[in-house]
Every structure is written in structure tokens, then in C-alpha cells.
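# Examining the three-dimensional arrangement
Each chain, written out:
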Protein chains: 2
Amino acid sequence: MAVITIIGAGMMGSALAVPARDNGHEVRLAGTPLDGHIIRALLSGLGHPTLERDLPRGTGYYYAEAAAEALSGAELVICGVSSFGVDWFAESVLPLLPPDVPVLSVTKGLLCSPGGVLTTFPDYYASLAPQRPYCAIGGPCTSYELADKAPTHVCFCGEDPAVLQNLRAMLATPYYRASLSCDVFGVETAAALKNAYALAVTLTRSRNSQAALFGQAVAEMRGLLALFGAGAENIAYAAGDLYVTIFGGRTRLLGDLLGSGLPYSEAARRLEGVTLESAVIARRAAFALRKALEAGRASGGDYPLLLHMGEVIAENKPAPLLWESLF
Amino acid sequence: MAVITIIGAGMMGSALAVPARDNGHEVRLAGTPLDGHIIRALLSGLGHPTLERDLPRGTGYYYAEAAAEALSGAELVICGVSSFGVDWFAESVLPLLPPDVPVLSVTKGLLCSPGGVLTTFPDYYASLAPQRPYCAIGGPCTSYELADKAPTHVCFCGEDPAVLQNLRAMLATPYYRASLSCDVFGVETAAALKNAYALAVTLTRSRNSQAALFGQAVAEMRGLLALFGAGAENIAYAAGDLYVTIFGGRTRLLGDLLGSGLPYSEAARRLEGVTLESAVIARRAAFALRKALEAGRASGGDYPLLLHMGEVIAENKPAPLLWESLF
């Protein structure tokens, strides 16, 4: 059995303690500097305040200040920070790691250069500290249900199949199944894009309208995967993940507000304190698409929904009234 | 303005009276021999008993026995029978039509030959009476919400673009938008396959599990569209339609019962009187797939979910406990 350190005590990072403990590992959950209240609650035996569940017995809890202690002797590090914690992880945690310990990222998102080039978080970390394998988890999985052990199927992606097999051996359970993929960019792009499109689908409320936007989202995600150089088969992860993301959570909260007619600036103000990763990825994906359009590599007519979301987020345009432009 | 006759007073056929009337057409709704109680209720001013809504003022109602009268002078015939009414439509209605009046089919399903060749309903009708254009409607649309005028996006498919443009001009409204496609087989196969896979996804109840099966469904539908010779872009219709089908209706009723452990024979008995189109298409699609496997044209490992559904429906095997074989 191994020592697994999870960095980031948000809902998904914390929920991963469940399969890790079920597989008998020593699990240490370390908060980010923003997770102090979560670690305090867990140390007090109050359960996880946002996941609203107890974590497995035997899990160790560490404040951000004690991250070095939590990482001592770790054989696997799971990076469970939100996309807003990626720089903190890169600057404060990566230097603490032994050179050969693998990092498994469960953060969903992409970075975007001023030229419109998208980069995954594993590739970003590898560019800073290339001396270890970086892998990631894609595919649909809500933290609540992982904690409840409802059967789930995700995808572990990374460059080295042997490392991936080892990660699966450490973490997979009958309720937490994982495919393996060496297409890191494809799996991560699918996982990020679905956040952008989940925001678009939740602008509407009726099922027919959501289904129309769902179909348009799948059509556009297919095109974007090809445009950005990701494998076409990743549309299955994107679609499954889109399905589960629409049901609830922060993305839907924001989509509901935008769909009701609030401009993005006002919706974001009302959701202060809520991480709006979907808005960030929508803006970045729309920006990368616009760069591709400028270079003549794509046709804007194929991506009305993402271009609309880009305007909603980056230019504060009202979100509703898009049907005419879509179909 | 034209005379539009809708054959089949089920929910979808009846709901199409809404955009047709909004466009100012004379609309005649004729029941099948099984729709007598619906026509009676509508003629009595009681509203549509299963759609649970009033139909537009000015719609004319006809019993099956008066189909010839309803069809007299029709400039468009919408075939709104269920897949179990296709033979009745072919035998009893097609002979009543003038040679040049287009038929627009909204029935979802496919026929399957003993050799495993799948045929769309438009192609089936054309094989019997080739003297007129046959078109069809695919894409996501629930009858309830169409009747409520919630924005929807569907696809009209047919061989002749000019006919399709004319159909769209007759029927489309701001809440009932339609793309056009000449890939009849692709649009119809996507629409049919999603029924089979909606049954599979509703075997489970947790969102994570449904999302895992949703992703697997999209992966398999992509493969089947290619295997059966349909255009890859139709996956967008299949996915959007899968999304809306999972939420409710007859397919979900059946999936719930199968997922609870009932064998198909018992689930079907409990749902007596409910049309189980999803089970029929699951059996047919699985049969066509198995023929392709026998011919060495596909690998069974790519289609565990459909093969499982085929066994559940055709061989009465218990539906749950499929996770091990899937991932």
C-alpha cells in the first residue's frame, strides 16, 4: 500500500480519498491556502462542509502550511486544486516533490496563450518541472456521487502507459472505473470544453431547448477537437461529462442567471465566492477559436454557440435571444 | 396556405398541429384505428388525453375510417404513427394519397432484414410506392414542449433539397427550427439508435453512472453510424436526442423497471398498453450489429452496451450487473 497525498481539499480532491482509502492506501489530504475552513472542519470531526459527507476513517488532514509534511514520502500526488489554484500548485507544491513521484491532476481547464494556443495543466506543470510524470483524470464524475460510491467511469490520461496502469491499480475500484489514454491533450480538452458548453446549455430551461443546444454543443465540440488537434474519440468523454455537468453545481447556477437576462458582470457579482471555471474556459476556448478563425483555419458559422458564449463572458453581452443566430 | 393532413393522433403527430396551425395552414388530424378515444376526446372539446393539452383552434379531427376524407386535397401528409403503425400506414394510407404529395414521417425507428440490413421508414415507403417524395424529421423534440412552443431544433431529411426547403417553409416557426439534411439514412439511424441507448442509460439512476453510460452510448453510436454507413456528423442529433429522451417518458419507465432487476418479459407485461419502441430498436440494432460481427466488419469489444441490451431484450437476461463487462 502506498502513501497518496491529495493537494486541494475541495469537493473532488476530497472525494478521491474514498477510492484511495478503499484500496488501503495511507491518504493525506492537504488544503490549499483557501481551504483552511475545510481542514479545520475535518480535523474537528464535522465532516466536509461543501461535500456534505464524512471522509473515510484514517484520512489525514493537513493545512496548506503543512504541505511539506503531507508530501513527505508520498508515492503519488493528486492535484485537486481548482483551475484558479494551478499557479499556486506550480509555485508552492511542485518544488516540494521528489523528482520521480507521479502527479495526477483532476483540475479541469486549459491555459491559453496570447496567440490562442491551448495548453493542458499536465503539460504546463511538465514545462516547469519536467523530471516526473504528469497525468490527469478526465471523463464524467461528480464528487458527491464518487463519495457515495455510485458507479463511475473516468479516464486516466498520460504519456506513459505503464504509469497509467499503475495509477489505475492504485485508485480504481468497482465503483470508480477508469479507461486509460495517452491522448492527454484530447482528454483534457474534452473535459475543459464541456464546462464551456455546459454553461451554454444551462442558459435555457426547457428540455427541448436544452436538447437543441446539447446537440449543437456536441457538433461544435467535435469540430473543436479536430481543430485543436485532439482525437475524435474524445467526444464521448465530452458528451458524457456535459450530461452530468448540466444537472447542477456552479456551472448551472451561473447559466441560470445568465439565461434569465443578467449580464455576466452582474451574475458573477451575485455568485461572489463561487469559482466560475466554466466562464474562464468559455472565454479561453472562444479566444482560441477566434484566433483560428483569423488564421483562416475554421469557419465561424460552425461555432455560433461558443462565439456567443465568448461575447457573453468577455464582452458582457446579454445571453438570451440566441436562437435566431444558431439555427 | 396549404392543407396539411397528419395521420396518427399520438402525442407527436398531434403536437405538430401547433406549428402547422401557427403558420396558417388548414390542419386535419386523423387517428389510426387505435386512436379512436383520442379523436373522440378532441371532437368533444376535452383536449388531447395523453398530450394533456388543447390543440389549436381550427384543427379538424377525423377517425381512421374517415382518413380518405382527411386526405382529400392534402398538399402535405405528416405520418405521425408509432413504429408499430408503420405497416398500417403503408397498407391503408399510402394507397389513398395522390401521387405527388410529399410524406413527412416523424416515426422513429428502423426496419431490419433477416440479413441485418437496416432500412429507414422513408425508404420502406418509397419501396412500396415510389411515386412521391418521402422525408422525415429527426433531432431532439418532445411533444409536450413542442405543444408549449418551447424553442426546439430538429432536422428535416430527404433526398430533394427543394422539397425540404418547402417543408421547412410550411412548418418551421421561431420555436420550431429545422436544419435540412439529404442524409436520410444518417438522420434516421441517429434518431433510432438514441432510443436503444436511452433504454441503456436509464438502467441506472445515479448521475455518475448515467454519465458513464451516456459517454459509452456516444462512443458506440459513433461507431455504429460509421459501421452502418451514416454520416459522422449525425452524432450531434443522436446525442441531443439521447439527452432529452432520458428524462422521461416510456423509454425511461421501461429502463427503470429493467434496471431494478425485472426481466424484460415481466417489465413489458407491467407496461402492457405502452408502446415499447426503444426495446424494438435495441433488439434490431443489436441484431444488425451481430450480423456485422459475424461478417468480421466490427469488433464486439467496441459495443458492450448494445450487445448487453440485445441480450436483455431478445434473451430476457437480467439487465443490471453490467459494469464489469463495460469498462
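Before going further, it helps to examine the overall build of chain A. A count of helices and strands for chain A gives 16 helices and 10 strands. For 327 residues, the compact-globule estimate of 2.2 N^0.38 gives 20 Å, and chain A sits close to it at 19 Å. The principal-axis extents of the C-alpha atoms in chain A amount to approximately 55 × 40 × 35 Å. The long-range share in chain A, meaning contacts at least 24 apart out of those at least 6 apart in sequence, stands at 71%.

Turning to the environment of B:Gly223, a few remarks are in order. Residue and element names in this part refer to chain B. For Gly223, the location among the structural elements is in helix H10 (residues 207–228). Classification of Gly223 as partly exposed rests on a count of 18 C-beta atoms within 10 Å. Residues Gly223 and Arg168, spaced 55 residues apart in sequence, show a C-alpha to C-alpha distance of 30 Å. If near-sequence neighbours (up to four positions away) are discounted, Gly223 is found in contact with Asp302 and Tyr303.

What follows deals with the relation of the copies chain A and chain B. When chain A is fitted onto chain B, the two copies agree to an RMSD of 0.0 Å after a turn of 180 degrees and an axial shift of 0.0 Å. Those values place the two copies in the arrangement expected of a two-fold rotation axis. Interface overlap between copies is the fraction of interface residues in one copy that are interface residues in the other; for chain A against chain B it reaches 100%, indicating a shared surface.

Residue and element names in this part refer to chain A. Domain assignment breaks chain A into domain 1 (3–182) and domain 2 (190–321). For domain 1 and domain 2, the distance between their C-alpha centroids amounts to 25 Å. Contacts between the two partners involve 15 residues from domain 1, matched on the other side by 19 residues from domain 2. Looking at the side of domain 1 that touches domain 2, its residues break down into 6 nonpolar, 8 polar and 1 charged.

Attention shifts here to unusual backbone geometry. All names here are of chain B. Phi angles above zero are rare outside glycine, and Lys149 is one such case at about 65 degrees. Among the secondary structure elements, Lys149 is positioned in the loop between helix H7 (143–147) and strand E9 (152–157). With phi around 60 degrees, Asn316 is a residue other than glycine that occupies positive phi space.

All names here are of chain B. Taken together, the 8 strands give an open sheet; going across it, the order is E3-E2-E1-E4-E5-E8-E9-E10, and neighbouring strands pair in mixed fashion. Edge positions in the sheet fall to strand E3 (60–62) and strand E10 (176–181), since each of these pairs with one other strand and no more. The mean inter-strand angle of the sheet, taken between neighbouring strand axes irrespective of direction, is 25 degrees. Against the sheet, helix H6 (residues 121–128) engages strand E5 (103–105) and strand E8 (134–138), with an angle of about 165 degrees to E8.

Attention now moves to the sheet that holds strand E9 (residues 152–157) of chain A. Residue and element names in this part refer to chain A. The strand order across the open sheet formed by 8 strands is E3-E2-E1-E4-E5-E8-E9-E10, and the pairing between neighbours is mixed. Here the strands that pair on one side only, and so sit at the sheet edges, are strand E3 (60–62) and strand E10 (176–181). Averaged over all pairs of adjacent strands, the angle between strand axes in this sheet comes to 25 degrees, irrespective of strand direction. As defined by bridge partners, E9 adjoins E10 across 6 bridges and the pair is classed as parallel. Residue His153 lies in a different strand from E10, and its bridge partner there is Arg177. Across the face of the sheet, helix H9 (residues 184–201) comes into contact with strand E8 (134–138), E9 and E10 while running at roughly 40 degrees to E8.

Let us look at the interface of chain A and chain B. Counting from both sides, the interface comprises 36 residues of chain A and, opposite them, 37 residues of chain B. Elements that contribute at least two residues to the side of chain A that touches chain B include exactly helix H7 (143–147), E9, E10, helix H10 (207–228) and helix H11 (235–246) of chain A. In terms of residue count, H10(A) provides more of the side of chain A that touches chain B than any other element does, 10 residues in total. Its residues assigned to classes, the side of chain A that touches chain B shows 20 nonpolar, 10 polar and 6 charged.

Turning to the environment of B:Thr173, a few remarks are in order. Residue and element names in this part refer to chain B. Looking at where Thr173 falls in the secondary structure, it is placed in the loop between helix H8 (161–171) and E10. What makes Thr173 partly exposed here is the crowd of 16 C-beta atoms within 10 Å. Here Thr173 is in contact with Pro19, Asp22 and Asn23, once residues within four sequence places are set aside.

All names here are of chain B. Burial analysis of E8 places 5 of its 5 residues in the buried class, the great majority of the element. The alternating pattern of E8 places Tyr134, Ala136 and Gly138 and Cys135 and Ile137 on opposite faces, both of which are buried. Sheet analysis places E8 next to E9, joined by 3 bridges and oriented antiparallel. Bridging from a neighbouring strand, Gly138 pairs with Cys155 of E9.

Confidence along chain A averages 95 in pLDDT terms, with 99% of residues attaining 70 or more. The ipTM value of the predicted complex is 0.93, and its pTM value is 0.94.

Looking now at the packing of H10(A) against H11(A). Residues and elements named next belong to chain A. At their nearest, the axes of H10 and H11 sit 10 Å apart, and the two run at 145 degrees to each other. The two elements H10 and H11 cross, and the hand of that crossing is right-handed. Contacts between H10 and H11 involve Gln210, Phe214, Ala217, Val218, Met221, Arg222 and Leu225 on the former and, on the latter, Ile235, Ala238, Ala239, Leu242 and Ile246. Residue classes in the contact of H10 with H11 are distributed as 10 nonpolar, 1 polar and 1 charged.

All names here are of chain B. Among the residues of H8, those classed as buried are Leu164, Leu167 and Leu171. For H8, the angular spread of the buried residues around the axis is 60 degrees, confining them to a single face. The exposed residues of H8 that point more than 90 degrees off its buried face are Pro161, Ala162, Gln165 and Ala169. Where H8 is buried, its residues meet helix H2 (17–22), E5, E8, E9 and E10.

Bringing the environment of A:Leu46 into the picture now. All names here are of chain A. Looking at the secondary structure, you find Leu46 in the loop between helix H3 (36–43) and E3. Given 11 C-beta atoms within a 10 Å radius, Leu46 is considered exposed. Sequence separation of Leu46 and Glu233 is 187 residues, and the distance between their C-alpha atoms is 42 Å.

How each quantity is defined
- Residues numbered from 1 in each chain as written.
- Chains lettered and ligands numbered in written order.
- Predicted model: local features only at pLDDT ≥ 70, side-chain atom pairs only at ≥ 80, totals over all residues.
- Helix = DSSP H or I, 4+ residues; strand = E, 2+ residues; numbered from the N terminus.
- Rg over C-alpha atoms; globule rule 2.2 N^0.38 Å.
- Contact = placed C-beta atoms within 7 Å.
- Buried ≥ 20, exposed ≤ 12 C-beta atoms within 10 Å, placed from the backbone.
- Least-squares fit on C-alpha atoms with pLDDT ≥ 70 in both.
- Domains from an automatic or database assignment.
- Nonpolar A, V, L, I, M, F, W, Y, C, P; charged D, E, K, R; others polar.
- Pairing = 2+ DSSP bridges.
- Axes fitted to C-alpha atoms, helices over the stretch in contact; angles between N-to-C directions.
- pLDDT = per-residue confidence, 0-100.
- Left-handed = near helix turned anticlockwise from the far one by under 90°.
- Arc of directions from axis to C-beta.

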